[in-house]
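Structure assessment
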Amino acid sequence: MSSDPAPSAAGAPAPGAPPVAGELSRDLKLFHVIMMGLGMMIGAGVFVGIGISVRGAGPGGLLLTFALNGLIALFTAMSFAELSSAIPRAGGAYNFARIGFGRGASFIAGWTEWFASALAGAFYAVVFATFTLSFLNGMFGWDLSADQQQGVVKIIAVAAAATFVYINYRGSSETAKIGAIFTVLQMLLVAGIGVTGIVTAFVRPERLANFQPFLTDDGWWKLLGTMGVIYVAFEGFEVIAQAGDETVAPKRNLPKAMLYSVLIVTVTYLAVAFASVVAIRSADGGMAAYATATEQGGKPFFTAAVEQLIPFRGVGGALVALAVIFSATSALNATIYSATRASFALGRDGMLPPAFARISTRRKTPYVALTFTAVIVLTASVLMNPVHGAATASMMFLCLFFMVNLCVIRIRLNMGDELEYGFIMPLFPLFPILAIVCQIALAGGIFAESKAAVLIAAIWVPAGVLFYLLYARKRAPAADHEIHVFEEAPEPKGDDYRIMVSVANPANALEMVRMTYRLAGAKSARVQLLHMVPVPPNVPLRDAHKYMLAGREAITETLLYLAPMFPITTTMRYCRNIARGILSAVRDKHVDLLILGWHGRRPGKVFRLGSTIDPIIERCPCNVLVLKNCGGNREFARVLVPIGGGPYSAYALEMATIFAEQETGQVTALTVARPGDEPMDLDEFIRDHADRLALPPERITPRVVESNDVAGAILAEAAEHDLVILGCTREPLLHQVTRASLPDLIAQRCDKPLVMVKASGGIRSWIKRWI
Amino acid sequence: MDVNIVIGCILLVVVVVLLVVLTFWCRRRIERIAHSRGRSAREIEKALHSE
């Protein structure tokens, strides 16, 4: 295998010319990527797993093991599908972790995925070799000693792995097509066994008695353990995410392929598992005891079952051998593909040496990444115990899936407004949370089965952390989605109340900040000006400083004006998305109150207040004020606070008492009751919150209005006041997109100066901050 | 009849039905999103609810 340097017109690269960049060819269709997922999922796991499940959980537990595992796999597949549709690039989980949690987490994800896939490849190579030798032994009656058999298995395993390394080097299309052929053959064999079992159950219904007792004595708890062990049979759909750079219409085909793969494989497993149970003619003492006795006699339960199902001159045994050989072969192909793409993505982003990102211009394949993957697969094929290797890979895959399920939640919340999705899962975030809970339980099952898996994982993952700290962290370039600090004044230490004023237009910075006079005084606060500069996607971030020059002058002018009045600092950052940039600054600076300006117009039907303000109100971990039409040195003698007992009413009242003119200003606390309804007790509400109000209670006038038109009544009252302060809606996103909330309606229609407030606090806010 | 068989069979049917329903529900959403003008998650949610 050699590199294919891109030649210049003269046949050699011109001195000083930029390197010729290669790219992956986009020629995989839906069928190819489905087959890729199936090929990796229907590996040797199911054939080994049927015996383990019957012994551990009983014949009914066997079916439940595969069905429940399939459902858990589908939950995670939905997360992969959503993320792959939004970020269809090679790298899969590695890319998701990078965008969701940053460079460190993404390196560990890619590093783990690379090793896990390579180990799984070695496992499949050894399984392929073992069953090939068994098949040849059956055909030719060879008489080999145990040592000879072990040696031959190693030779065949290395030869098989090397063959598929070469096939992967030939190119993605060839890889997928050859993989598809093997997958179709294995599917035919496995489906044939399943259909034969179902026919048998119709012809001989007495065989259904084999399902009694349904579970073993250990019952439902043992079922969880077997599910953990057998989950390895459901790994594989994640390989589809690796094909993002090479798939036709990836936003549509990747999610479909993942979901179809899990459904097809689960139905197939259930059919084969059912066939294995009804195949047995006599299982005195129960199916679990029969399976235990069979396997102790040296024959896998699945082989014994199929030999009884198809009792024609060894045809059953030959079919099993062929099915295992085909499945291990296609799984070997898919795992080498997956491991190569994971290391390629690490190299592409500078996390591994740049050579890993080299693509053969002739074959369009990442040949260096493939070479290093081959070294791991071939070495593990020779040295490693395949069972513990598979257990280690399973543990790491579960960790990856756990991270991906967290990623899908975090990315949807943080970047849902800027990514282009081809699929978004229903009932978000129910399914990723269910998957996380289930995966923790399954990881416990695997942990109990293999101490070696824990040891190897405990060596590989810390080695990755060390490599990241010593090498990758310094070299990884900033990604386009990250926030960059352009200029930032040093911030004095202390626990003062922190107010951040986000200035969208530097020319209006002074007007914006004047409203914070009273707030800063009332709270003894330190004020920070923030100016976010959005950089268009087609402009490289290294050229972003050109966008900063105009804003810097206005911010500096404001800073000079305000500095004598109260402590003030400035921050200028550039980003791809302003909302995410502001939220990032709020978190970095531990801000207590964020102030935003709003132009007062609703921008289309999708957003309520705007594409920047809506996400901030929904996700901001601190208090938020949104100012509309509040510029200038205004005095607010009469301030209206509509109070409906909502979560932010008390905070709105507190802000009203701060913004009202302090010597003579009056605050009206208004509640609108429908005719016949008992109105809210405003006196009690004011008394309850008197300790946080900046005005004495006698300057706050409670007022009750009866009306069926709540918005109309509030707007009529607003006409008599100088300022309106409203609590934001706290309805979930789904409600907001289907109908406008009352505060939004009032905010849009009110022509008086208006402030919308949102208070932090509560468990909901804590969970949001944690996520 | 063994209570485990009853619970197990009900669970098995529910799980299989869920698998099929979820898969085709998701597939339908993929097709609808492909034909809608929505791009971001919020736009897609809005578009799906307005249909």
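Residues numbered from 1 in each chain as written. Chains lettered and ligands numbered in written order. Predicted model: local features only at pLDDT ≥ 70, side-chain atom pairs only at ≥ 80, totals over all residues. Heavy atoms only, no water.

1. Let's talk about the overall build of chain B
- Of the regular secondary structure elements, chain B holds two helices and zero strands.
- Taking all 51 residues of chain B together, the buried fraction comes to 43%.
- Summed over all atoms, the accessible surface of chain B reaches about 2,900 Å², with 64% contributed by carbon and sulfur. (Helix = DSSP H or I, 4+ residues; strand = E, 2+ residues; numbered from the N terminus. Buried < 20%, exposed > 50% of the residue type's maximum accessible area, 1.4 Å probe, protein only. Areas by Shrake-Rupley, 256 points an atom, 1.4 Å probe, with all protein chains shown as cover.)

2. Overview of the overall build of chain A
- Secondary structure assignment for chain A yields 26 helices and 11 strands.
- Sorting the 771 residues of chain A into buried and exposed places 58% on the buried side.
- Counted over contacts in chain A with a minimum sequence separation of 6, partners at least 24 positions apart contribute 83%.
- By element, 60% of the accessible surface of chain A is carried by carbon and sulfur atoms, the whole surface being about 30,600 Å². (Contact = heavy atoms within 4.5 Å.)

3. Comments concerning the nonpolar core
All names here are of chain A.
- One finds Ile50, Phe66, Phe80, Phe107, Tyr269 and Ile411 to be the most contacted residues of the largest nonpolar core, which totals 180 residues.
- In terms of residue count, the dominant contributor to this core is helix H2 (residues 45-86) (22 residues).
- Once you skip the residues sitting within four places of it in the chain, Phe66 turns out to touch Val46, Ile50, Ile230, Phe234, Thr266, Tyr269, Leu270 and Ala273.
- Grouped together as the second largest cluster of nonpolar side chains are 84 residues, Leu593, Val626, Leu640 and Leu754 included. (Core = buried A, V, L, I, M, F, W, Y, C linked by side-chain atoms within 4.5 Å.)

4. Describing a nonpolar patch on the surface
- On the surface, a cluster of nonpolar side chains totalling about 580 Å² of accessible area is made up of Leu427(A), Leu430(A), Leu434(A), Val13(B), Val17(B), Val21(B) and Trp25(B).
- Of all the secondary-structure elements, those providing two or more residues to the nonpolar patch are helix H14 (430-449) of chain A together with helix H1 (3-35) of chain B.
- Among the elements that make up the nonpolar patch, the one with the highest residue count is H1(B) (four residues).
- Tracing the backbone through its elements, the reader meets Leu434(A) in helix H14.
- Residue class for Leu434(A) comes out partly exposed when judged on its relative accessible area of 33%. (Patch = residues over 30% accessible without salt bridge, like charges linked within 9 Å, V, L, I, M, F, W, Y side chains within 5 Å. Salt bridge = Lys/Arg side-chain N within 4 Å of Asp/Glu carboxyl O.)

5. Details of the UniProt feature "transmembrane region" (unreviewed entry) in chain B
- UniProt marks residues 6-26 of chain B with the feature "transmembrane region" (unreviewed entry), using the numbering shown here.
- Here residues 6-26 of chain B is 100% helix and 0% strand, with 30 Å between the C-alpha atoms at its ends. (UniProt positions renumbered as here; feature names shortened; annotations may be inferred.)

6. A few points about the interface of chain B and chain A
- Contacts between chain B and chain A engage 34 residues on the former and 45 residues on the latter.
- Summed over both partners, the interface of chain B with chain A buries about 3,600 Å², with 76% contributed by carbon and sulfur atoms.
- For the pair chain B and chain A, the number of links is three salt bridges.
- Close ionic contact of Arg412(A) with Glu45(B) constitutes a salt bridge, the shortest N to O distance being 3.9 Å. (Buried area = accessible area lost by both parts, 1.4 Å probe.)

7. Considerations on the packing of helix H17 (residues 516-523) of chain A against helix H21 (residues 649-659) of chain A
Residues and elements named next belong to chain A.
- Packing of H17 against H21 brings their axes to within 9 Å, and their N-to-C directions diverge by 105 degrees. By the angle class used here, H17 and H21 are roughly perpendicular. For the pair H17 and H21, the contacting residues are Arg518, Leu519, Ala522 and Lys523 in the first and Glu654, Met655, Ile658 and Phe659 in the second.
- Considering only residue class, the contact of H17 with H21 consists of five nonpolar, no polar and three charged. (Axes fitted to C-alpha atoms, helices over the stretch in contact; angles between N-to-C directions. Parallel < 35°, antiparallel > 145°, perpendicular 65-115°, else oblique. Nonpolar A, V, L, I, M, F, W, Y, C, P; charged D, E, K, R; others polar.)

8. Examining the pairing of strand S7 (residues 638-642) of chain A
Residue and element names in this part refer to chain A.
- Most of S7 is tucked away: four of the five residues are buried.
- Pairing geometry for S7 and strand S8 (residues 666-673), over five bridges, is parallel. Note that in S8 the partner of Val639 across the bridge is Val667. (Pairing = 2+ DSSP bridges.)

9. Points about unusual backbone geometry
Residues and elements named next belong to chain A.
- Put simply, Gln212 and Pro213 share a cis peptide bond, and its omega is -5 degrees.
- With respect to the helices and strands, the residue Pro213 is situated in the loop between helix H6 (172-203) and helix H7 (219-230).
- The omega torsion of the bond from Phe428 to Pro429 falls at 0 degrees, within 30 degrees of zero and hence cis.
- Within the secondary structure layout, Pro429 lies in the loop between helix H13 (386-415) and H14.
- The phi dihedral of Ala249 falls on the positive side, at around 45 degrees, and the residue is not glycine.
- Structurally, the position occupied by Ala249 is in the loop between H7 and helix H8 (250-279).
- Phi at Leu427 is positive, roughly 55 degrees, even though this residue is not glycine.
- Structurally, Leu427 is set in the loop between H13 and H14.

10. Describing the side chain of Asn168(A)
- With respect to the helices, strands and loops of the structure, Asn168(A) is situated in helix H5 (residues 146-170).
- Here the side chain of Asn168(A) touches Phe164(A) through a polar contact of 2.8 Å, landing on its backbone oxygen. (Polar contact = N/O pair within 3.5 Å; in protein donor to acceptor, adjacent residues only side chain to side chain.)

11. Quick word on the pattern of salt bridges
Residue and element names in this part refer to chain A.
- Taken as a whole and judged by the stated rule, the model has nine salt bridges over all chains.
- Asp349 is paired through a salt bridge with Arg98; the nearest N and O atoms lie 3.7 Å apart. Of the two residues, Asp349 is situated in the loop between helix H11 (315-348) and helix H12 (367-383) and Arg98 in helix H3 (residues 93-101); the sequence distance between them amounts to 251 residues. Arg98 shares its class with Asp349; the two are buried.

12. Comments concerning the environment of Ile108(A)
Residues and elements named next belong to chain A.
- Inspection of the secondary structure puts Ile108 in helix H4 (residues 103-140).
- Its relative accessible area of 19% is what places Ile108 among the buried residues.
- In this structure, the C-alpha to C-alpha distance between Ile108 and Trp460, residues 352 residues apart in sequence, is 9.8 Å.
- Excluding residues that lie within four positions of it along the chain, Ile108 makes contacts with Val461, Gly464 and Val465.

13. Topic: a negative patch on the surface
All names here are of chain A.
- A surface patch of like charges, here negative, comprises Asp677, Glu678, Asp681, Asp683, Glu684, Asp688 and Glu706.
- Element by element, the count of residues in the negative patch is highest for helix H22 (residues 682-688), at three residues.
- Take Asp688: it is sitting in helix H22. (Lys, Arg positive; Asp, Glu negative; His and termini not counted. Charge placed at Lys NZ, Arg CZ, Asp CG, Glu CD.)

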